[in-house]
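Below, each chain spelled out in residue letters.
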Amino acid sequence: MRTRAAVLREYNQPWSVEEIELDPPKHNEVLVKMVASGMCHSDEHALDGHIAGLVPGPPMIGGHEGAGIVQEVGDGVDWLEPGDHVVFGFIPACGRCPSCADGHSNLCDLLATFADGTQALDGTHRHHTLDGKDLGLMCLIGTFSEHTVVNEASCIKVDKDWPLDKGCLLGCGVVTGWGSAVYSADVQPGDYVAVVGCGGIGANAVQGAAMAGARVVAAIDPVAFKREQAMEFGATHAFSSMAEAMEKLGETTWDRGYDKVIMTMGTGSAEALGQGFNLGGKRAKIVVTNLHSTSEGTINVPAIMLTMMEKQVIGSLFGSANIRKDIPRLFELYLQGKLKIDELITKTYTLDQINEGYDAMRNGENIRGVILFDQ
Ligand code: CXF
Ligand code: ZN
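Please read all numbers here as calculations on a predicted model, not as lab measurements.

Quick look at the environment of Pro-98 now. Mapped onto the elements, Pro-98 comes out in helix α2 (residues 98–101). Of the residues examined, Pro-98 reaches a relative accessible area of 61% and is grouped as exposed. Remark: the alpha-carbon pair of Pro-98 and Met-211, spanning 113 residues in sequence, is separated by 31 Å.

See below:
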């Protein structure tokens, strides 16, 4: 079939919205008509080459935070049928590998396929340019497409009454941010928490920390709008830089330093991680959720403090969450009014407006932009 998608044709060039050829689903795969896709910063990292080697290079269909309606299932898929509503997890959960079996499906072995951008398990492509070239997929799903074909392992079935135009954000940003606080940082009632970077991931780390009972949630971002929004999501303090947060350590943490520092900047850097590390107190957990460029080979932390203050630097992928448990769980918290998602969506776009949306993200105007597909 023919459909339309936003394709990375060349690094550092705008997304190319074009017609593509899509094959039917094969074994264990499903064809999904997209309803909505969030515009995460990681697709920008794919576009600017910062995570080259981690995700496919051009030509590739972007997008990894989406939801839609199943149109067709391939053979072997016995738990989904046409008409079912699904949210994609940006990391699939096969349920069989050691990581999945051990309760860490966010590290599912199917991640190994990410760089190739092929169908998981199969190693071939369903998406092609009109002149016959194979198209890689961002995170095995490629949600910047009106239709896509993905492995069932990326799908989470949700209730048909639940709004997919909001639920799409559960495929990355909401779960990643919330889980960074609740699981990776293991925020405890009464903790002092700092969240560094308050875009789509950071705003959710703020929500997670507040929900877990933090005494102080300091939102750190240079953009005033994002600081204001962070206060709506549960922050107790807002600072424009880590330097300012450091100056105010006395009034926020009685000079003890933060118990948890969650790094959720657009792009991490060795220097920023060092600053975040210094905001932490004794036994602090410094959680690295933001992506550093794959070309960055070192981090800059005073290692003596790992020992003398027992500080811990912890990586966090998909918020250390479990998509099968947490996507429905957070969707229900949203439906009960206990988790904010509407407020994350600053503006919606059509697929053709995708570059406008990414310009807004670069200018710091959006917490999240969301693409709504014609239904
Ligand atoms: C990233 C993680 C690395 C691959 C691309 C997606 N996470 C979320 O935005
Ligand atoms: Zn993302």
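If you check the shell around ligand 1, you find Cys-40, Ser-42, Leu-54, His-64, Phe-90, Met-138, Cys-139, Cys-172 and Leu-291 and nothing else. His-64 is positioned such that a nitrogen or oxygen atom in its side chain is 3.1 Å from an oxygen atom of ligand 1. Relative to its free-state accessible area of 280 Å², ligand 1 is covered by the protein chains to the extent of 91%. Residue composition of the shell around ligand 1, grouped by class: 7 nonpolar, 2 polar and no charged.

Two side chains with opposite charge may pair up if their charged atoms get near one another. Applying the stated criterion across every chain yields a total of 18 salt bridges. Across the pair Arg-126 and Asp-122 runs a salt bridge whose closest N-O atoms are separated by 3.0 Å. Taken together, the shared-partner salt bridges in this structure form one network comprising Arg-2, Glu-19 and Glu-21.

Attention shifts here to the domain arrangement of the chain. The domain boundaries assigned to the chain delineate domain 1 (2–171 + 340–372) and domain 2 (176–317). Taking only C-alpha atoms into account, the centre of domain 1 sits 28 Å from that of domain 2. Residue-level contacts link 21 residues of domain 1 with 21 residues of domain 2. When the two sides are added together, the surface that domain 1 and domain 2 hide from each other amounts to roughly 1600 Å², 65% of it contributed by carbon and sulfur. In terms of surface lost to domain 2, no three residues of domain 1 exceed His-50, Lys-340 and Ile-367, which account for 34% of the buried area on that side. Scanning the region where domain 1 abuts domain 2 turns up 0 salt bridges. Where domain 1 meets domain 2, there are 6 residue pairs in polar contact (both at pLDDT 80 or more). A total of 3 residues in the side of domain 1 that touches domain 2 trace back to one element, the largest contributor, which is helix α1 (residues 41–48). Broken down by class, the residue content of the side of domain 1 that touches domain 2 amounts to 9 nonpolar, 8 polar and 4 charged.

Calculation rules
Residue numbers run consecutively from 1 along every chain, following the written order of its sequence. Here every chain gets a letter starting at A, and every ligand a number starting at 1, in the order they are written. Predicted model: local features are reported for residues with pLDDT of at least 70 only, side-chain atom pairs are reported and counted for 80 or more only, and whole-chain, interface and lining totals are derived from all residues. Excluded from the side-chain calculations are hydrogens and water; all other atoms, namely the structure's heavy atoms, are used. Strands here are runs of E lasting at least two residues and helices are runs of H or I lasting at least four, both read from the DSSP assignment and numbered beginning at the N terminus. Throughout, exposure labels follow a simple rule: accessible area from a 1.4 Å probe, protein chains only, divided by the maximum for the residue type, with under 20% read as buried, over 50% as exposed, and the rest as partly exposed. Residues are counted as near a molecule or strand when any one of their heavy atoms sits within 4 Å of it. Between N or O atoms, a polar contact is any pair within 3.5 Å; within protein, one atom must be a potential hydrogen donor and the other a potential acceptor, and residues adjacent in sequence are included only when both atoms are from side chains. Only the protein chains shown count as cover for residues, and the accessible areas themselves come from Shrake-Rupley with a 1.4 Å probe. Classification convention: Asp, Glu, Lys, Arg as charged; Ala, Val, Leu, Ile, Met, Phe, Trp, Tyr, Cys, Pro as nonpolar; all other residues, Gly among them, as polar. Salt bridges are defined as contacts in which a side-chain nitrogen from Lys or Arg sits within 4 Å of a carboxyl oxygen from Asp or Glu. Delimitation of the domains relies on an automatic or database domain assignment. Residue contacts are counted whenever heavy atoms from the two residues lie within 4.5 Å of one another. Each of two parts loses accessible area, computed with a 1.4 Å probe, when they are put together; buried area is these two losses added.

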